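Structural overview for review
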Amino acid sequence: MDAPPQEFQELLAVVRGYQRSRAVTVAAELGIADLLRDGPRDVDELAVATGTHAPALYRLLRALASIGVFTECAQRRFDLSPMGRYLCRDHPLSLDPAARMFGADYEWRAWAELAHSVRTGGNAAVHALGCDVWEYRRRHPGHGELFDATMRTSSHADGAAVLAAHDFGRYGVVADIGGGTGAVLADVLAAHPSVRGILFDRPHVVAGADPVLHAAAVADRVSVVPGDFFAEVPSGADAYLLARVLHDWADEHALRILRNVRRAMAPEARVLLVEAVVGPPNEDPAAKFLDLMMLVSAGGRERTEDEWRALLAGADLDLTAATRATAAKHVIEAAPTASRGV
Ligand SMILES: C[S@@+](CC[C@H](N)C(=O)[O-])C[C@H]1O[C@@H](n2cnc3c(N)ncnc32)[C@H](O)[C@@H]1O
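As the structure is a prediction and not an experimental result, all values here were calculated from the model.

1. What to know about the site of the ligand
With respect to spatial proximity, 19 residues lie near the ligand, and among them Ser155, Gly178, Asp201, Asp228 and Ala243 are the closest. Contact between the ligand and Asp228: a nitrogen atom at 2.8 Å from a side-chain N or O atom of the residue. Protein contacts shield 95% of the accessible area of the ligand, which totals 600 Å² for the unbound molecule. A per-element tally of the shell around the ligand places helix 11 (residues 141-165) first, with 3 residues. Classifying every residue of the shell around the ligand gives 9 nonpolar, 5 polar and 5 charged.

Here it is, written out as structure tokens:
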């Protein structure tokens, strides 16, 4: 029998993909990358430092080295590789929080219930955890911090592309609604010294904003406002930025948020969404797997441009532009319907 074609190998690799993901998560949980910062180390030393079983740790690390996450040197020593550097916790684009967040038990429990979502359309995380992921992370602050840090990394990673996709310098005040710990707003203000900002998110989330805003030297231009976007959002901004917020919510909830934004806006103010725009059939895995993540974890969805237009229209907002920044991020601009032609 002939060797199976490449498609067979590709599908098999997808089927077994969770094994690689799990291995990276465990290496991150053990802090292996930080232990290799000063140069290669022997696996026995690493085992002592991490309280693990040396022969089993060796098998973990050589497997990860086989796919480039670490480098295996002679005599059972391991070194950082270009990929592994992103697991160091102080790297400005550290993927350590993402490895530990996506690999956290509660995320696995939610993904184990993907079939529940597919059968019922319901949110797998709520089914598995008894509450939504936001409440779960509020109750488990360690998981909340890992989520916020994961958001910071991806915001910084895509920051330049988002800034290139829209001229934020034209606004006096940008309100970042659901702005997390302020990474997106910090990038905007650092690039535009005349712009001031309002950072709005849940109280336990904005509590972590100070170091982020200070590190970017923009804290003196930001009002930090704790609150709930289902109740109300601050008025007085020229632009209302919602970065990866509405994709967390089904239409009914997303509309409630948008209508609160619309109520707070002056007629000449603008709404800016940083969101995926789902592409045509048979392509765009970045947006489409993000969409599955929304189905399973956050309980929301990714949307096509037409779906964004319809959602915005439900809050009396006209979609006026959608500019691609990265594979999974567009900047979508909207204006109050009444201001059409202004
Ligand atoms: C996917 S994160 C995006 C964070 C940030 N905009 C970014 O792009 O990095 C969604 C944010 O919505 C916030 N959020 C969830 N429920 C909220 C609520 N009821 N009121 C205000 N913010 C909320 C979360 O705390 C989280 O920071």
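Additional details are given in the paragraphs that follow.
2. Some details on the nonpolar core
Core analysis: the biggest nonpolar cluster contains 32 residues, and Phe229, Tyr240, Leu242, Leu246 and Val271 have the highest contact counts within it. A per-element tally of this core places helix 15 (residues 251-264) first, with 6 residues. Look past the residues within four positions of Phe229 in its chain and what remains in contact with it is Ile177, Gly178, Phe200, Val245, Trp249, Ile257 and Asn260. If you look at the next biggest cluster of nonpolar residues, it comprises 25 residues, including Phe168, Val184, Val188 and Leu199.

3. Digging into the UniProt feature "active site" (unreviewed entry) in the protein
Residues annotated by UniProt as "active site" (unreviewed entry) correspond here to His247. Take His247: its relative accessible area is 6%, and that puts it in the buried class. Every residue in contact with His247, bar those within four places of it in the chain, is listed here: Glu275, Leu290, Met294, Gly300, Arg301, Glu302, Arg303 and Trp308. In this structure the side chain of His247 is engaged in a polar contact, spanning 3.2 Å, whose partner is the backbone oxygen of Arg244.

4. Topic: the pairing of strand 10 (residues 329-336)
Burial of strand 10 is extensive: 8 of the 8 residues sit out of reach of the surface. Where strand 8 (residues 270-275) lies against strand 10, 5 bridges are found, and the strand directions are antiparallel. Residue pairing for strand 10: Glu275 is matched across the bridge by His330. Pairing between strand 9 (residues 317-326) and strand 10: 8 bridges, direction antiparallel. Bridged to Arg324 within strand 10 is His330. The antiparallel pairing of strand 9 with strand 10 creates a hairpin that spans 2 residues between the two strands.

5. Examining the sheet that holds strand 3 (residues 77-80)
Spatial ordering of the open sheet is given by 1-3-2, a layout of 3 strands whose pairing is antiparallel. Taken across any chain shown, the strands that pair with only one partner, and hence form the sheet edges, are strand 1 (41-42) and strand 2 (70-73). Pairing of strand 1 with strand 3, which is carried by 2 bridges, proceeds in the antiparallel orientation. Directly across from Arg41, in strand 3, lies its bridge partner Phe78.

6. A few points about the packing of aromatic side chains
Each aromatic ring pair is specified by the distance between its two centres and by the angle formed by the two planes. Counted by the stated rule, this structure contains 8 aromatic pairs. When the centroid spacing of 6.5 Å and the interplanar angle of 25 degrees are considered together, the rings of Trp134 and Trp249 count as stacked. Here Trp134, found in helix 10 (residues 133-139), pairs with Trp249, found in the loop between strand 7 (239-243) and helix 15; they are 115 residues apart in sequence, far enough to count as distant. Judged by its relative accessible area of 13%, Trp249 is buried. Summarising the aromatic geometry, the rings of Phe230 and Trp249 are spaced 4.9 Å apart at their centres and angled 85 degrees between planes, so their arrangement reads as edge-to-face. Of the two residues, Phe230 sits in the loop between strand 6 (222-226) and strand 7 while Trp249 sits in the loop between strand 7 and helix 15, which places them 19 residues apart along the sequence. Exposure class is identical for Phe230 and Trp249. Each is buried. One aromatic cluster is present, formed by Trp134, Phe147, Phe229, Phe230 and Trp249 through successive ring pairs. The ring of Trp108 has Arg22 lying over it, and the distance from NZ or CZ to the ring centre is 4.5 Å. Sitting above the plane of the Trp308 ring, Arg303 keeps its charged end 5.1 Å from the centroid.

What counts and how
Residues numbered from 1 in each chain as written. Predicted model: local features only at pLDDT ≥ 70, side-chain atom pairs only at ≥ 80, totals over all residues. Heavy atoms only, no water. Near = heavy atom within 4 Å. Polar contact = N/O pair within 3.5 Å; in protein donor to acceptor, adjacent residues only side chain to side chain. Areas by Shrake-Rupley, 256 points an atom, 1.4 Å probe, with all protein chains shown as cover. Helix = DSSP H or I, 4+ residues; strand = E, 2+ residues; numbered from the N terminus. Nonpolar A, V, L, I, M, F, W, Y, C, P; charged D, E, K, R; others polar. Core = buried A, V, L, I, M, F, W, Y, C linked by side-chain atoms within 4.5 Å. Buried < 20%, exposed > 50% of the residue type's maximum accessible area, 1.4 Å probe, protein only. Contact = heavy atoms within 4.5 Å. UniProt positions renumbered as here; feature names shortened; annotations may be inferred. Pairing = 2+ DSSP bridges. Phe/Tyr/Trp six-rings, centres within 6.5 Å; stacked < 30°, edge-to-face > 60°. Lys NZ or Arg CZ within 6 Å of the ring centre and 35° of its normal.

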